[in-house]
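Fold and geometry: a report
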Amino acid sequence: MKLYENAMSPNVRRVLLVVEHLDLDIERVHVDFMKGDLKKPEYLRLNPNGMVPLLVDGDFVLNESRVIAQFL
């Protein structure tokens, strides 16, 4: 699983707390707000909302922090 994240986001921190609590091995992909990573076409293909967090598990994609937390 890949978690697209920026730790400055409170919603990302919510997911990271669940990841840590469950001791999950998740690949973290840093998304840089200042470089415009959220608006890049390759990111928008995964998440048309252009927000973080984003969880990708194979072909399965989730983009809401509470939904991601529940899925985990």
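That block above? That's the structure.
Read on for a plain summary of the structure. Since this is a predicted model, take the numbers as computed values, not measurements.

What counts, and at which threshold
Residues numbered from 1 in each chain as written. Predicted model: local features only at pLDDT ≥ 70, side-chain atom pairs only at ≥ 80, totals over all residues. Heavy atoms only, no water. Salt bridge = Lys/Arg side-chain N within 4 Å of Asp/Glu carboxyl O. Core = buried A, V, L, I, M, F, W, Y, C linked by side-chain atoms within 4.5 Å. Buried < 20%, exposed > 50% of the residue type's maximum accessible area, 1.4 Å probe, protein only. Helix = DSSP H or I, 4+ residues; strand = E, 2+ residues; numbered from the N terminus. Contact = heavy atoms within 4.5 Å. Pairing = 2+ DSSP bridges. Axes fitted to C-alpha atoms, helices over the stretch in contact; angles between N-to-C directions. Right-handed = clockwise from strand over helix to strand, strands pointing away.

Quick look at the pattern of salt bridges now. Under the criterion given, the structure shown has two salt bridges. Salt-bridge contacts for Lys40 lead to Asp37; the nearest nitrogen and oxygen are separated by 3.1 Å.

Burial of nonpolar side chains together is a common tendency in soluble globular proteins. Counting residues in each nonpolar core, the largest one holds 16 residues, and the members touching the most others are Leu3, Tyr4, Val31, Tyr43 and Val52. Secondary structure elements with two or more residues in this core: strand 1 (2–5), helix 1 (10–21) and strand 3 (54–57). Sort the elements by how many residues they give to this core and helix 1 lands first, with four residues. Residues in contact with Val31, not counting those within four places in the same chain, are Tyr4, Glu5, Asn6, Asp37, Leu38, Tyr43 and Val52.

In space, the four strands of this open sheet follow the order 2-1-3-4, with mixed pairing throughout. Taken across any chain shown, the strands that pair with only one partner, and hence form the sheet edges, are strand 2 (27–30) and strand 4 (60–62). Each strand of the sheet is rotated relative to its neighbour by a mean of 20°, with strand direction disregarded. Where strand 3 lies against strand 4, three bridges are found, and the strand directions are antiparallel. Within the sheet, the bridge partner assigned to Leu55 lies in strand 4 and is Leu62.

Turning our attention to the pairing of strand 1. In terms of strand pairing, strand 1 meets strand 2 through four bridges, oriented parallel. Residue Lys2 lies in a different strand from strand 2, and its bridge partner there is Glu27. Handedness of the crossover joining strand 1 and strand 2 through helix 1: right-handed. Bridge count for strand 1 against strand 3 is three bridges, and the pairing is antiparallel.

Let us look at unusual backbone geometry. With an omega of 5°, the peptide bond between Val52 and Pro53 qualifies as cis. Structurally, Pro53 is set in the loop between helix 2 (41–46) and strand 3. Its identity as a non-glycine residue notwithstanding, Asp23 has a phi of 55°, on the positive side. One can find Asp23 in the loop between helix 1 and strand 2. Note on Asp23: relative accessible area 69%, which makes it exposed.

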